[in-house]
Amino acid sequence: MAEAAVAEQPAIEGSASPEPAGRLAARAAALPRWATGTLWVWPVLLTLALGIYKAGRPELWRDELASWSAAERSTGELLDMLNHVDAVSGAYYLLLHYWIGAFGDSVTSMRLPSALAMAGAAGFVFLIGRKQFNAWAGLIAGLMFALVPSVSVYSQQVRGYAFVVLFVAAGTWALLRALERPTWPRWLLYAVCVALAGAFHMIALVFLAPHAVVVALRWWRSRDRALLFGFPVAVLGGVLPLLPLVLLGRKQVGRQISWIKTPHLGSFPDFWAGLFGASLVGGLVLALAAMPLAWSGNRRRAVEIGLMAALPIAAVFVVSQGSTSYFMDRYLLFTVPVWCVLAGAAATSVRPRPLAAVAFLLLLGLVGTQAQQHLRGTTSHEWSDERGAAKVIAQGYRPGDAIVPVRGSADYMMMDHAMEYYLPRSIEPKDLFAARSAIARDDLFAESCPDPAACIGDTRRVWMVTFAGNDDEPFHGLPETEAAALKAKFSPVQVSKVRAITVTLLERTH
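Residues numbered from 1 in each chain as written. Predicted model: local features only at pLDDT ≥ 70, side-chain atom pairs only at ≥ 80, totals over all residues. Heavy atoms only, no water.

Draft legend 1. Seen up close, the packing of helix H8 (residues 107-132) against helix H11 (residues 161-180). Where H8 contacts H11, the axes come no closer than 8 Å and their chain directions differ by 25°. As summarised for this structure, H8 and H11 are arranged roughly parallel, according to the angle between their axes. For the pair H8 and H11, the crossing hand works out as left-handed. Across from Pro113, Ser114, Ala117, Met118, Gly120, Ala121, Phe124, Leu127, Ile128, Lys131 and Gln132 in H8, the residues of H11 making contact are Ala162, Phe163, Val165, Leu166, Ala169, Ala170, Thr172, Trp173, Leu176, Arg177 and Glu180. (Axes fitted to C-alpha atoms, helices over the stretch in contact; angles between N-to-C directions. Helix = DSSP H or I, 4+ residues; strand = E, 2+ residues; numbered from the N terminus. Parallel < 35°, antiparallel > 145°, perpendicular 65-115°, else oblique. Left-handed = near helix turned anticlockwise from the far one by under 90°. Contact = heavy atoms within 4.5 Å.)

Spelled out as structure tokens, the structure:
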């Protein structure tokens, strides 16, 4: 039993390597500890570099505008809002609130925390790969992670998904350390990671299912009672503080994600492409990830990582067959690190070493090039040009002007928040048909005026911002009551078109 336990240690942890990575693993073990201990820097730096490269170019999309709208409120206003909507994103909104207070709300500044979080996740990809396989496998896995287009996508979003990836990856590493030596400090670290992952996105807690299976498998081989006691206590310690958030989130779930469709087997190609940001990248990672399962020496460790990668996806797919669907690629983005660990282990096992691993890295970068270029385009996050629409208004604005951003069925597009964000702070047109602002309602959406004609008052000029239709009708998309009230008292004097948006200046005639 003692000999078997030694043989199961990863190459980097011992002086000899029983694993079929052969010479490459032996080289990893022979390197000075300081050399293997600093290899994590390269995945971190590459992920960060790709995360911040042209991060300010794409326009904010609707979910990012929701993040900004929530975070720019006072702490009290934000907490009041979370009692009504988006409680599951509350931890991220609070973090962003204080970040904006310190560093401002420019597009680049607001996206930087996500880039830093994803860079941190890359470091944990290396650590997981090193602990399960060897240092070279961890290095290649970390570099592969950096090159995955979806990693760059969510490094450049004002949303909390990068933090979920960070905390789940950290939790996976913490679990492997606790399984290696189940002491209370190690279990405490794991519990903290569980709590943070759940605080930033409750659906991420599904990662506990494969972790439980891995713990059970390790216990079955070792019969170490410390595993049976330490893991449940750590999970309980991490999940209990989240119970109020879980209960509040359940009350809001119908409003938050009711639009997500029930998945079926035909949903997987699109899901997989979204998970990795490109179909070819996802296909290459999947092909590589399957290879370690065929190894004789590393099969057990590969199976453990494979469970962590695949089981959350399968579990969410099954649960989503019920009344509420949670099956979204970004909700399961936290599985990408462990997929890359399997792929990195495979790449470093193929001969000739290490040339084959470098070739796989180059191939991954090549097949992801088009996606990497696209995600940094101005239209990569949002197809309409809200920034251009705000520029049109700013150029013709006069004090006393009002604005009518399209709402109604298009409320979810956050056009009012977009205009508020992109207009200069010195320009504050009255939102003509907003009876109560989103802040006053403790919500993300304003309350529309029940009597649009009465809300017009003595307003002389109105900037109307609508989505361009197939015709030249400037009132396209406005609720009928609002369009009728405007047509009765105003006439268009200027119509400007930017990408997918029509900006119309109306002047009063009656």
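Draft legend 2. Region of interest: helix H13 (residues 208-222). Across its 15 residues, H13 extends 21 Å between first and last C-alpha, which sits within 8% of the 21 Å expected from 1.5 Å per residue. Taken together, the buried positions of H13 are occupied by Leu208, Pro210, His211, Val214, Val215 and Arg218. Down the axis of H13, the smallest arc covering the buried residues is 160°, so these residues share one side. Taken together, the buried residues of H13 touch H8, H11, helix H12 (184-200), helix H14 (225-239) and helix H18 (299-319). The positive-phi residue at the C-terminal boundary of H13 is Arg223, with phi of around 55°. (Expected span 1.5 Å × (residues − 1). Buried < 20%, exposed > 50% of the residue type's maximum accessible area, 1.4 Å probe, protein only. Arc of directions from axis to C-beta.)

Draft legend 3. Representation of a negative patch on the surface. Side chains of Glu72, Glu77, Asp80, Glu420 and Glu428 sit close together on the surface and give a patch of like negative charge. Structurally, Glu420 is set in helix H23 (residues 415-422). The class of Glu420 is partly exposed, set by a relative accessible area of 43%. (Patch = residues over 30% accessible without salt bridge, like charges linked within 9 Å, V, L, I, M, F, W, Y side chains within 5 Å. Areas by Shrake-Rupley, 256 points an atom, 1.4 Å probe, with all protein chains shown as cover. Salt bridge = Lys/Arg side-chain N within 4 Å of Asp/Glu carboxyl O. Lys, Arg positive; Asp, Glu negative; His and termini not counted. Charge placed at Lys NZ, Arg CZ, Asp CG, Glu CD.)

Draft legend 4. Spatial organisation of the pattern of salt bridges. Counting across every chain of the model gives 15 salt bridges. Linking Glu304 and Arg221 is a salt bridge whose minimum nitrogen-to-oxygen distance equals 3.2 Å. One end of the pair, Glu304, is in helix H18; the other, Arg221, is in helix H13, and 83 residues separate them in sequence. Residue classification places Glu304 among the buried residues on the basis of a relative accessible area of 1%. Overall, Arg221 belongs to the partly exposed group, its relative accessible area being 31%.

Draft legend 5. Spatial organisation of the nonpolar core. Counting 158 residues, the largest nonpolar core has Phe145, Tyr190, Met419 and Leu486 as its most contacted members. When residues of this core are assigned to their parent elements, the largest contribution, 16 residues, is made by H11. Leaving out residues up to four positions away in the same chain, Tyr190 has contacts with Gly171, Ala174, Leu175, Phe207, Leu208, His211, Phe231, Ala234 and Val235. (Core = buried A, V, L, I, M, F, W, Y, C linked by side-chain atoms within 4.5 Å.)

Draft legend 6. View of the sheet that holds strand S2 (residues 430-431). Strand order in the open sheet made by the 5 strands is S2-S1-S5-S7-S6, with mixed pairing throughout. Edge strands, defined here as strands with exactly one partner in the open sheet, are S2 and strand S6 (490-498). As judged from the 2 bridges shared by strand S1 (residues 402-405) and S2, these two strands associate in the parallel manner. Bridge pairing in S2 places Ala402 opposite Lys430. Along the sheet face, helix H25 (residues 480-489) touches S1, strand S5 (461-467), S6 and strand S7 (501-508) and points at about 120° away from the line of S6. (Pairing = 2+ DSSP bridges.)

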